[in-house]
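Coordinate analysis (summary)
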Amino acid sequence: MIQVRGLTKTFGPKKVLRGIDLDVGEGEFLTLVGPNGAGKTTFLRILATLSRPTSGQATVGGVSIDQHPAQARRKIGLVSHRTLLYDDLTAVENLQFYGRMYDVTGLAARIEDALRQVDLYFRRHDPVRTYSRGMQQRLSIARAILHDPQVMLMDEPYTGLDQQATAMLRRVLGTLAASGRTVVMTTHDLELGLEVADRVAILSGGKIGFQSPAKDLDVQQFRRIYAEQAG
Amino acid sequence: MEFLRKAGAVAWKDLRAEWRTREMFSAMFVFALLVIIIFNFALELRAESARALVPGILWVAFTFAGMLGLNRSFIQEKDRGSLEGLLLCPVDRSAIYLGKMLANAALMGVVELFILPVSFVLFNLPFGTLPMLVVVAALGTLGFAGVGTLFSAMAVNTRAREVMLPMLLFPVAVPLIIAAVKLTAGILDGLALGELARWWQLLVGFDVIFLTLSFMTFDYVIEE
């Protein structure tokens, strides 16, 4: 579903990504971990077409993100630690706006379905600014799945969430994985990342230094390998 | 048609959010009102001197108030992170430009609709000229919001972004402001349309050229 070959990104003299090769299969859940500044966010932003690579190629669902970015965007849903929502609009208005931009058919029913999936239907007419951080993040997931994307990119979605919100988001993530979508998630939480993923990878110094099926590792092993890789 | 629907969705979203808070409208309206009141007292305008100065005062009020709205147009999107959501949408980015531009122009237009009658009362202007002045204001606002929306997107990624927009916009908008002021003065003086032809041409020409250029370059400007 996702193919990345020789992807590099430089900001001025700084090389953030130094040639990433990665394949993520259909329906696979990949957790990408790495220290701060390793290039996780830059990598996801390139996959999401928000930033152009300096060199290399990437395809999402067989579509080149460089040559057909608008087509690739239809296949992608992005959740980051920022919600990408409009605080002064209600949940329904936010989803109506994004639904129109993505040409979602049967929009009213899709909105109801998405809001029910993240348990926010009862607050659908409240402005987003009245939501807790956890509720905003759940609404952000509803926004990302509204157009039924094949690929979900999640950039540290747990940032700033309390335990209750984390548990709720974990449940929503489980539903996403079960729905057959391909998910790439970055996180600093090794335990959680290992628990939800089919495969884990460590990004360090702008390269994929390690990757393995999640079932072949336990948390202690993963922590040890991460410490070695991250220095 | 689909392009216009997307642009409409962007404009609807901006105006809906503004309608809920009326944050920018209040700031722009109060600012424009203060400008015309302060000029009124500072210059001690009498009926005979008002005619000469009012066109300039009006366009100072319109453009400076418009600057407030244009400045916030992309800064708000950037600060709350929704700009990324907008750029993620699978649409031609010039549709995003058109939507934002229409919302900015509409907001400026509403402020002007409130300010114009107040100015007529304050400066004792002939009400018969109001319809033609509305046309000039509409064309001037369209051009100003058109270039301003492009530069607002450009300035949002710079460090001194709030200062950058006026520095970029006003030098480019000089021909538009001159044409709008000359037309306003000519209409208030009761000149025939034919006598003002070259200023109409400059105003309409500016709108056509700069809206087209902004349309074509927005994709590159908004790219990281």
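Residues numbered from 1 in each chain as written. Chains lettered and ligands numbered in written order. Predicted model: local features only at pLDDT ≥ 70, side-chain atom pairs only at ≥ 80, totals over all residues.

**Looking at the overall build of chain A**
What counts is decided by this rule: Helix and strand assignments come from DSSP, with helices taken as H or I runs of at least 4 residues and strands as E runs of at least 2, each series counted from the N terminus. The size measure is the radius of gyration over C-alpha atoms, and the globule rule it meets is 2.2 Å times the number of residues to the 0.38 power. Counting other C-beta atoms within 10 Å of its own, a residue is labelled buried from 20 upward, exposed at 12 or fewer, and partly exposed in the gap between, with every C-beta atom placed from the backbone.
A count of helices and strands for chain A gives 8 helices and 10 strands. On C-alpha atoms alone, chain A measures out to a radius of gyration of 17 Å, which is about the 17 Å that the 2.2 N^0.38 rule sets for 231 residues. Referenced to the eigenvectors of the C-alpha coordinate spread, the extents of chain A come out at roughly 50 × 40 × 30 Å. The 231 residues of chain A split such that 45% are buried.

**Focus: the nonpolar core**
Which entries qualify depends on this criterion: Each nonpolar core reported here comprises buried Ala, Val, Leu, Ile, Met, Phe, Trp, Tyr and Cys residues connected via C-beta atoms within 7 Å. Boundaries between domains were set according to an automatic or database domain assignment. Two residues form a contact once the distance between their C-beta atoms, set from the backbone, is within 7 Å.
With 136 residues, the main nonpolar core has L47, A142, L153 and V184 of chain A together with A180 of chain B as its most contacted residues. Both of domain 1 (2–75 + 150–230) and domain 2 (84–148) of chain A provide at least three residues apiece to this core. In contact with A180 of chain B, other than residues within four places in its own chain, are W59, V136, G140 and L203 of chain B.

**Remarks on the sheet that holds strand β2 (residues 14–24) of chain A**
Residues and elements named next belong to chain A. Rule in force here: Following DSSP output, two strands are said to pair if at least two bridges run between them.
Spatial strand order, β2-β1-β4-β5: 4 strands in an open sheet with antiparallel pairing. Both outer strands of the open sheet, β2 and β5 (63–64), are each paired with one neighbouring strand and no more. Bridge count for strand β1 (residues 2–11) against β2 is 8 bridges, and the pairing is antiparallel. For T10, the partnering residue across the bridge sits in β2 and is K15.

**Let's talk about the interface of chain A and chain B**
Interfaces are often sized by the amount of accessible area the parts lose when they come together. Rules: Charged means Asp, Glu, Lys or Arg here, nonpolar means Ala, Val, Leu, Ile, Met, Phe, Trp, Tyr, Cys or Pro, and polar covers whatever is left, Gly included.
Taken together, the contacts link 20 residues of chain A with 18 residues of chain B. Of all the elements in the fold, those that place two or more residues in the side of chain A that touches chain B are α2 (69–74) and α3 (91–101) of chain A. Looking at which element gives the most residues to the side of chain A that touches chain B, the answer is α3 of chain A, with 4 residues. Partitioning the side of chain A that touches chain B into residue classes produces 11 nonpolar, 2 polar and 7 charged.

**Focus on unusual backbone geometry**
Residue and element names in this part refer to chain A. Not every positive phi belongs to a glycine, and L84 is a case in point at roughly 60°. In this fold, L84 is placed in the loop between β6 (76–80) and α3. Judged by the 23 C-beta atoms lying within 10 Å of it, L84 is buried. We note that E156 has phi near 45°; this positive angle belongs to a residue other than glycine. Tracing the chain through its elements places E156 in the loop between β7 (151–155) and α6 (163–178).

**Topic: the confidence of the model for chain A**
Threshold: pLDDT runs from 0 to 100 and stands for how confident the predictor is about each residue.
For chain A, per-residue confidence averages 88 on the pLDDT scale, and 100% of positions sit at 70 or higher. When pLDDT is averaged over each element of chain A, α3 of chain A comes out on top at 95 and α6 of chain A at the bottom at 77.

**A closer look at the domain arrangement of chain A**
Residues and elements named next belong to chain A. Per the domain assignment, the segments making up chain A are domain 1 (2–75 + 150–230) and domain 2 (84–148). Between the C-alpha centres of domain 1 and domain 2 the distance comes to 24 Å. With 12 residues of domain 1 at the interface, the matching set in domain 2 holds 10 residues. Taken together, the residues of the side of domain 1 that touches domain 2 break down into 7 nonpolar, 3 polar and 2 charged.

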